[in-house]
Amino acid sequence: MASNVFLLFTMMSIIWLSALWFDINRQPRLGHHWYVYKLVMLTNLNFVLCVFYSVMILLGYKSEKLQKISDFMHFTSIFPVGMITCGLFWGLYAINPALVMPDWIAKLIPSWLNHITHTYPIIFIILDSYFHKRTPPKTIASLIFSAALVFVYFMIICYVRFFDGYWLYPILSLFAFEHFVISYIIGFLGFFMLIKAAVRLNKLFHQKDDIGSKLPSNMNKKKKF
């Protein structure tokens, strides 16, 4: 079973790496030459984060330290950022595709790459939680990371606005200062709740393992025939 899981996540990592290679080498970069500038968009930030994490999963099979890093990443960034990215994209797309992907952008992005960045993360995250029992962070760490990561992304949005002269998301042009404060609070609470949802889901997938670990040692031992 372990070898099959390793093979599965090796294949999933290859998909991530191949898609990133295509995006870096074949896709246009609007306004800036450096690829790193594309990371100001939540989609691309989540994309690169998932690629890195997929490699960390494979390395974690041989390193307990890297496995602990993967555990922490799963709860504090991979799950919440992935769910927000995919949920917002498809939610807005259902309302009006132009809200997230105007026709001129849709012509530049192959449909398969769009699904890699906005559908594949959900599949990847769920399978990761299902096959890997992970150690969740403490509540205080979850709160700190929620506040910090949402704040950092708000700073990225403001940086682009004041140094490049435009809002990453056009709706922000309608916001007053108090709207940004409210948005930050909602973003922080939403991010924290997604971390707790990730913890709950992983425990749900592995509750049989938890029950087995609480049994007396002689009951945990398999009978030998």
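Definitions and limits used
Residues numbered from 1 in each chain as written. Predicted model: local features only at pLDDT ≥ 70, side-chain atom pairs only at ≥ 80, totals over all residues. Heavy atoms only, no water. UniProt positions renumbered as here; feature names shortened; annotations may be inferred. Helix = DSSP H or I, 4+ residues; strand = E, 2+ residues; numbered from the N terminus. Contact = heavy atoms within 4.5 Å. Polar contact = N/O pair within 3.5 Å; in protein donor to acceptor, adjacent residues only side chain to side chain. Buried < 20%, exposed > 50% of the residue type's maximum accessible area, 1.4 Å probe, protein only. Axes fitted to C-alpha atoms, helices over the stretch in contact; angles between N-to-C directions. Parallel < 35°, antiparallel > 145°, perpendicular 65-115°, else oblique. Left-handed = near helix turned anticlockwise from the far one by under 90°. Salt bridge = Lys/Arg side-chain N within 4 Å of Asp/Glu carboxyl O. Core = buried A, V, L, I, M, F, W, Y, C linked by side-chain atoms within 4.5 Å. Patch = residues over 30% accessible without salt bridge, like charges linked within 9 Å, V, L, I, M, F, W, Y side chains within 5 Å. Areas by Shrake-Rupley, 256 points an atom, 1.4 Å probe, with all protein chains shown as cover. pLDDT = per-residue confidence, 0-100. Phe/Tyr/Trp six-rings, centres within 6.5 Å; stacked < 30°, edge-to-face > 60°. Lys NZ or Arg CZ within 6 Å of the ring centre and 35° of its normal.

Named according to an unreviewed UniProt entry, the protein chain is FAR-17a/AIG1-like protein originating from Caenorhabditis elegans. For the protein chain, the Subcellular location (unreviewed entry) comment in UniProt is given as "Endomembrane system". You can read under Sequence similarities (unreviewed entry) in the UniProt record for the protein chain the words "Belongs to the AIG1 family."

Draft legend 1. Representation of the environment of Gln 27 in the model. Its place among the elements puts Gln 27 in the loop between helix 1 (2-26) and helix 2 (42-60). In this structure the C-alpha to C-alpha distance between Gln 27 and His 206, which are 179 residues apart in sequence, comes to 40 Å. Setting aside its immediate chain neighbours within four residues, Gln 27 contacts Phe 22, Lys 38, Leu 108, Ile 109, Pro 110 and Leu 113. A polar atom in the side chain of Gln 27 sits 2.9 Å from the backbone oxygen of Leu 108.

Draft legend 2. Examining the environment of Phe 205 more closely. Tracing the backbone shows Phe 205 in helix 8 (residues 177-205). Given a relative accessible area of 29%, Phe 205 falls into the partly exposed group. Between the alpha carbons of Phe 205 and Thr 135 there is a distance of 13 Å; along the sequence they are 70 residues apart. If sequence neighbours within four positions are ignored, Phe 205 has contacts with Ile 126, Ser 129 and Tyr 130.

Draft legend 3. Broad picture of the packing of helix 7 (residues 139-164) against helix 8. Two numbers describe how helix 7 lies on helix 8: the axes approach to 9 Å, and their chain directions differ by 140°. For the element pair helix 7 / helix 8, the angle class is oblique. Note that helix 7 runs across helix 8; the crossing there is right-handed. For the pair helix 7 and helix 8, contact is made by Thr 139, Ser 142, Leu 143, Ser 146, Ala 147, Leu 149, Val 150, Phe 151 and Phe 154 and by Phe 180, Ser 183, Tyr 184, Gly 187, Phe 188, Phe 191, Phe 192, Ile 195 and Lys 196, respectively.

Draft legend 4. Spotlight on the pattern of salt bridges. All told, the structure shown has four salt bridges when counted by the stated rule. Measuring nitrogen to oxygen at the nearest pair gives 4.0 Å for the salt bridge that ties Glu 64 to Lys 68. Placement of both Glu 64 and Lys 68 in helix 3 (residues 64-95) is noted, with a separation of four residues, approximately one turn of the helix. The same class applies to Glu 64 and to Lys 68, which are both exposed.

Draft legend 5. Region of the structure containing the UniProt feature "transmembrane region" (unreviewed entry) in the protein chain. UniProt annotation of "transmembrane region" (unreviewed entry) refers to residues 5-22, 34-60, 72-92, 112-131, 143-162 and 168-195 when read in the numbering used here. Span residues 34-60 is 70% helix and 0% strand, its end C-alpha atoms 30 Å apart. Counted over residues 143-162, helix gives 100% and strand 0%. Its end C-alpha atoms are 29 Å apart.

Draft legend 6. Summary view of the nonpolar core. One finds Phe 9, Trp 16, Phe 47, Ile 116 and Phe 124 to be the most contacted residues of the largest nonpolar core, which totals 39 residues. Contributions of two or more residues to this core are made by helix 1, helix 2, helix 3, helix 5 (111-118), helix 6 (120-131), helix 7 and helix 8. Excluding anything up to four places from it in sequence, Ile 116 contacts Ile 15, Trp 16, Ala 19, Phe 47 and Pro 121.

Draft legend 7. Just a nonpolar patch on the surface, in detail. A cluster of nonpolar side chains, namely Ile 140, Leu 143, Ile 144, Phe 145 and Leu 149, defines an oily patch on the protein surface of about 420 Å² accessible area. Examined against the element boundaries, Leu 143 turns out to sit in helix 7. The class of Leu 143 is partly exposed, set by a relative accessible area of 30%.

Draft legend 8. Summary view of the confidence of the model for the protein chain. Model confidence for the protein chain is summarised by a mean pLDDT of 91, while 92% of its residues fall at 70 or above. Per-element confidence in the protein chain is highest for helix 6, whose mean pLDDT is 98, and lowest for helix 10 (residues 217-220), whose mean pLDDT is 45. Ignoring residues within four places in sequence, the model shows residues 217-225, a span with pLDDT below 50, making three contacts including any to other chains.

Draft legend 9. How the structure looks around the packing of aromatic side chains. Applying the stated criterion across every chain, the model contains 19 aromatic pairs. A centroid spacing of 4.9 Å and a plane angle of 90° characterise the contact between Phe 89 and Trp 90, whose relative ring orientation is edge-to-face. For Phe 89, a relative accessible area of 5% translates into the label buried. An aromatic cluster is defined as three or more aromatic residues linked by ring pairs; in this entry it consists of Phe 9, Trp 16, Phe 47, Tyr 53, Tyr 120, Phe 124, Tyr 130, Phe 131 and Phe 205. The aromatic ring of Phe 162 is capped on one face by Arg 161, whose charged end is 6.0 Å from the ring centroid.

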